[in-house]
Amino acid sequence: MKKYDYDDLVEAYAKLDVTEGRIVYVISDIWEVRGYDRPGSRNLIEAHVKALRSLIGRTGTLIVSTASTNLCNTEIIFDPAQTPSFQRGALSEHVRQLDGALRSFHPFNSYAAIGAQAEELVADVSKGAWGSHTPEARMVELDALTICLGVTPHLSTTVHLIEQHIGVPYRYNKEFLHPVLRNGSVSRESFYLLVVYKDCGLTRDGNRKLVSHLSNLMEFRETTLGRQTLYSYNNRDFYTHGLKAFSEDIYIWCDSPPTHRPYRE
């Protein structure tokens, strides 16, 4: 395994355009970038977060997904201070628990942010998961930079914002009545997720066509750390070009169009 140290980390993130004052959204699988020269998972996670925060400085903001989709269709109370994220990785969980981190209020699709614009990104959000007045929309508006750490740009979550805004026919907003802890009291509130119609025969292509198309229109930066390649891209560029791509091919997210279209009935 090829080793790297803290200085290598800072250099790699700088090459990905992580600069002072930026909003940086990290999508990660931290275990894919093992090889840090100080052993232990905590040292690995803390080094990456420290390097990012040192580059963005006091005026920058770090944001991660802390979604807890495992709460869907359950009676598990969503507590923004305590509910762990689900399958979002150890780095996201670490950021969620940092002193001063703020979390958006959505039981299934929340985000945690820390830094100068954290409140602007995650406070007073919509009860919908992906549309306007959500952290994803605000990251586009505020020109955030996405870092793909141990994963590729194919895992971009911005695509769901595009699907919401373009109005793809194979999805609809489903209402969930879910218990949440708000201001010290438990209440049941309505929240919304953009879901795929059941049994419509849709197969996903993992954003393969979309990212391939966008790579000809925008910059995806990349650099090597240890034996892994890290990527970055501008959220606003992804959204702008992605929106046009969907307007030209509404099924670009799909491996093939749905075989059954209940939205015609």
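Residues numbered from 1 in each chain as written. Predicted model: local features only at pLDDT ≥ 70, side-chain atom pairs only at ≥ 80, totals over all residues. Heavy atoms only, no water.

Grouped together as the largest cluster of nonpolar side chains are 50 residues, with contacts concentrated most on Ile63, Tyr170, Leu210, Phe238 and Phe246. Those residues in contact with Leu210 that sit more than four places away from it in its chain are Val159, Phe238, Gly242, Ala245, Phe246 and Ile252. Core analysis: the next-biggest nonpolar cluster, separate from the first, contains 32 residues, Tyr4, Tyr13, Ala101 and Ala112 among them. (Core = buried A, V, L, I, M, F, W, Y, C linked by side-chain atoms within 4.5 Å. Buried < 20%, exposed > 50% of the residue type's maximum accessible area, 1.4 Å probe, protein only. Contact = heavy atoms within 4.5 Å.)

When two helices pack together, their arrangement is given by the angle between their axes and by how far apart the axes lie. For the pair helix α6 (residues 158-166) and helix α8 (residues 235-248), interaxial distance at closest approach is 9 Å and the crossing angle is 45°. By the angle class used here, α6 and α8 are oblique. α8 is crossed by α6, and the crossing has right-handed handedness. Counted together, Thr158, Val159, Leu161, Ile162, Glu163, His165 and Ile166 of α6 and Asn235, Phe238, Tyr239, Gly242, Leu243, Phe246 and Ser247 of α8 form the full contact between these two elements. A breakdown of the residues in the contact of α6 with α8 according to their chemical character gives eight nonpolar, five polar and one charged. (Axes fitted to C-alpha atoms, helices over the stretch in contact; angles between N-to-C directions. Helix = DSSP H or I, 4+ residues; strand = E, 2+ residues; numbered from the N terminus. Parallel < 35°, antiparallel > 145°, perpendicular 65-115°, else oblique. Left-handed = near helix turned anticlockwise from the far one by under 90°. Nonpolar A, V, L, I, M, F, W, Y, C, P; charged D, E, K, R; others polar.)

Structurally, Arg103 can be placed in strand β3 (residues 102-103). Among buried Asp, Glu, Lys and Arg side chains, Arg103 stands out as unpaired, with Glu93 the closest opposite charge at 5.7 Å. One polar contact links the side chain of Arg103 to the main-chain carbonyl oxygen of Thr66, over a distance of 2.9 Å. In this structure the side chain of Arg103 is engaged in a polar contact, spanning 3.0 Å, whose partner is the side chain of Ser110. (Lys, Arg positive; Asp, Glu negative; His and termini not counted. Salt bridge = Lys/Arg side-chain N within 4 Å of Asp/Glu carboxyl O. Polar contact = N/O pair within 3.5 Å; in protein donor to acceptor, adjacent residues only side chain to side chain.)

Moving on: the sheet that holds strand β2 (residues 61-65). Strand pairing in a sheet is mediated by backbone hydrogen bonds. Such pairs are either parallel or antiparallel. Reading across from one edge, β3-β4-β2-β1-β5-β10-β9 is the order of the seven strands in this open sheet, with mixed pairing throughout. The sheet terminates laterally at β3 and β9 (221-225), the two strands that pair on one side only. In the sheet, strand β1 (residues 23-28) pairs with β2 via four bridges, with the strands oriented parallel. Bridge assignment links Ile23 to a residue of β2, and that residue is Thr61. Those strands touched by α8 are β1, β5 (145-149) and β10 (228-234), and its axis lies near 70° from that of β10. (Pairing = 2+ DSSP bridges.)

Where the residue is not glycine, phi is negative for most of them; where a peptide bond is considered, it is trans in most cases. Unlike most non-glycine residues, Gln87 shows phi in positive territory, near 55°. With respect to the secondary-structure elements, Gln87 resides in the loop between β2 and α3 (90-96).

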